[in-house]
Amino acid sequence: MATSTKILALAVLAVLPLLMNASTCIGPQVTSNVYTTSEASMSISTVFVVEVAVKCNNGEKDLLLFADVNGHMVPATQSGTGKFQVSWSDEHKKLPAGTYGVRFFDEEGYNAVRKEKRSGTDGSAVTPIFTVNVKHSGTWTGPYVQTEFVATCVALLVWYMAYRSKSFLMS
Amino acid sequence: MKSLFLLVVAFVAVRSDNDDNAARLLASKSILNQFIVEGKELTVEYSIYNVGSSQAYNVELSDSSFPEEDFQRVSGSLNVKWDRLAVGANVSHAVILKPLRPGYANFTAAQVKYYPTEESQAQQVGYTTAPGEAGIVGLKDYERRFSPHIVDWATFAIMTLPSIGFPFLLWYRSKSKYDVKHKKN
């Protein structure tokens, strides 16, 4: 009798996540496409765009995703079934070159992070459904030295060498 | 900057009959480029703010002012939606496009549709701000002004070599002859 109740309890526990209203994704397969601003003259602030296509093993269609962007939780934009987009922007100086990790949560994870944040911690202990790494190679703000400047310097150098040898000859 | 544009944003959302406890969305669309150049990225940013007193449901943003033959999509989607937008919250969305033709382009408003309350049957339709008309510079003109012109400078250096090199050769030859004579003495 004890084993059968145990089996029953285990069965209920296994079925419980499916009975819950909140949509969860089990075993997500993620394809991501990332864009970051490359030239400063094309945008006054650096923009990051992360597009993800998520396929869940449990066939979940009404998935709601939230993303942790630089410590700030935003809802992921839905651009089609299973397709999400997260975009954020800031000044060029505040988003230097490097790798940024964007954590994606479902509703449960989102509520857990909110709870953690309210109790003082930064919510980094909650495990996300998946993480996308954004590699930013920096926003190009122009060459260090203008080519015209280099050409002027070379011309002046040539002139100086000629002038020096000429005055040496004359002396 | 954000508070400044909030003051400027136009209140074009249609008033609903249930104003006491309804969501109200303000949306802005802005072009983040300093220069819009043919063949280079055009960054469009949308921001939606909920200034009402209730959550907005099923918020849809659709922008049909970038025809496929004039703008190539690089990143981001022009038709997106959010499930809910909380009171006082804001979302931002960015789309990267590439203009395919130079000339003048009129950037018009995008459409925002949402349900102001959970029970409302009628969808509220509003519009974002419109950035207005702007010129798309041709790639050749942009490069003429801004590219480093390395090849042009290298060509110039090679072209000046004869007029500088020839007198230098003459001087060097006579100098070496003079030095040899000096040594002999």
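Here's a quick rundown of the structure. All figures in this text were calculated on a predicted structure; none of them were measured in a lab.

1. Section: the overall build of chain A
Working step 1: When its secondary structure is counted, chain A shows three helices and eight strands.
Working step 2: Each helix and strand of chain A, placed in order from N terminus to C terminus, yields the pattern α-β-β-β-β-β-β-β-α-β-α.
Working step 3: For chain A, the C-alpha radius of gyration of 28 Å lies well beyond 16 Å, the compact-globule estimate for 171 residues.
Working step 4: Overall, the C-alpha framework of chain A stretches about 120 × 35 × 30 Å when taken along its three principal axes.
Working step 5: Looking at chain A as a whole, 35% of its 171 residues qualify as buried.
Working step 6: Taking the intrachain contacts of chain A between residues at least 6 apart in sequence as the baseline, contacts between residues at least 24 apart amount to 70%.
Working step 7: When the accessible area of chain A is evaluated, it comes to approximately 10,900 Å², of which 61% is carbon and sulfur surface.
Working step 8: Measuring between centres, the 14 positive side-chain charges of chain A sit 6 Å from its 13 negative side-chain charges.

2. Some details on the side chain of Ser 54 of chain B
Working step 1: Tracing the sequence through the fold places Ser 54 of chain B in the loop between β2 (42-50) and β3 (56-62).
Working step 2: Polar contacts involving the side chain of Ser 54 of chain B include one to the main-chain carbonyl oxygen of Pro 116 of chain B, which spans 3.2 Å.

3. Things to note about the packing of aromatic side chains
Working step 1: On inspection of all chains with the given rule, the structure shows 15 aromatic pairs over all chains.
Working step 2: Between Phe 104 of chain A and Phe 130 of chain A, the ring centres sit 4.7 Å apart and the planes meet at 20°, which makes this aromatic pair stacked. Taken together, the residues Phe 104 of chain A in strand β7 (residues 98-105) and Phe 130 of chain A in strand β8 (residues 130-136) connect sequence positions 26 residues apart. You'll find Phe 104 of chain A and Phe 130 of chain A in the same group, each marked buried.
Working step 3: Taken together, a centroid distance of 6.1 Å and an interplanar angle of 20° make the contact between Phe 168 of chain B and Tyr 172 of chain B stacked. Remark: Tyr 172 of chain B and Phe 168 of chain B occur in helix α3 (residues 150-184); sequence separation between them is four residues, near one turn of the helix.
Working step 4: Taking relative accessible area as the criterion, Phe 168 of chain B reaches 48% and is therefore assigned partly exposed.
Working step 5: Grouped by ring-pair contacts, the aromatic residues Phe 48, Trp 88 and Tyr 100 of chain A constitute a single cluster.

4. Things to note about the interface of chain A and chain B
Working step 1: With 28 residues of chain A at the interface, the matching set in chain B holds 32 residues.
Working step 2: When chain A packs against chain B, the two sides together hide about 2,500 Å² of surface, and 52% of this comes from carbon and sulfur.
Working step 3: Three residues, Tyr 35, Met 42 and Gln 78 of chain A, lead the burial of chain A against chain B; their summed loss comes to 25% of the area buried on that side.
Working step 4: In this structure, the connection of chain A to chain B is made through 19 residue pairs in polar contact (both at pLDDT 80 or more).
Working step 5: Within the residue set of the side of chain A that touches chain B, elements represented by two or more residues are β2 (46-55), β5 (77-80), β6 (83-90) and α3 (147-170) of chain A.
Working step 6: Among the elements that make up the side of chain A that touches chain B, the one with the highest residue count is α3 of chain A (six residues).
Working step 7: When grouped by side-chain class, the residues that make up the side of chain A that touches chain B number twelve nonpolar, twelve polar and four charged.

Rules used throughout
Residues numbered from 1 in each chain as written. Chains lettered and ligands numbered in written order. Predicted model: local features only at pLDDT ≥ 70, side-chain atom pairs only at ≥ 80, totals over all residues. Heavy atoms only, no water. Helix = DSSP H or I, 4+ residues; strand = E, 2+ residues; numbered from the N terminus. Rg over C-alpha atoms; globule rule 2.2 N^0.38 Å. Buried < 20%, exposed > 50% of the residue type's maximum accessible area, 1.4 Å probe, protein only. Contact = heavy atoms within 4.5 Å. Areas by Shrake-Rupley, 256 points an atom, 1.4 Å probe, with all protein chains shown as cover. Lys, Arg positive; Asp, Glu negative; His and termini not counted. Charge placed at Lys NZ, Arg CZ, Asp CG, Glu CD. Polar contact = N/O pair within 3.5 Å; in protein donor to acceptor, adjacent residues only side chain to side chain. Phe/Tyr/Trp six-rings, centres within 6.5 Å; stacked < 30°, edge-to-face > 60°. Buried area = accessible area lost by both parts, 1.4 Å probe. Nonpolar A, V, L, I, M, F, W, Y, C, P; charged D, E, K, R; others polar.

None of this, on its own, says anything about what the molecule does.
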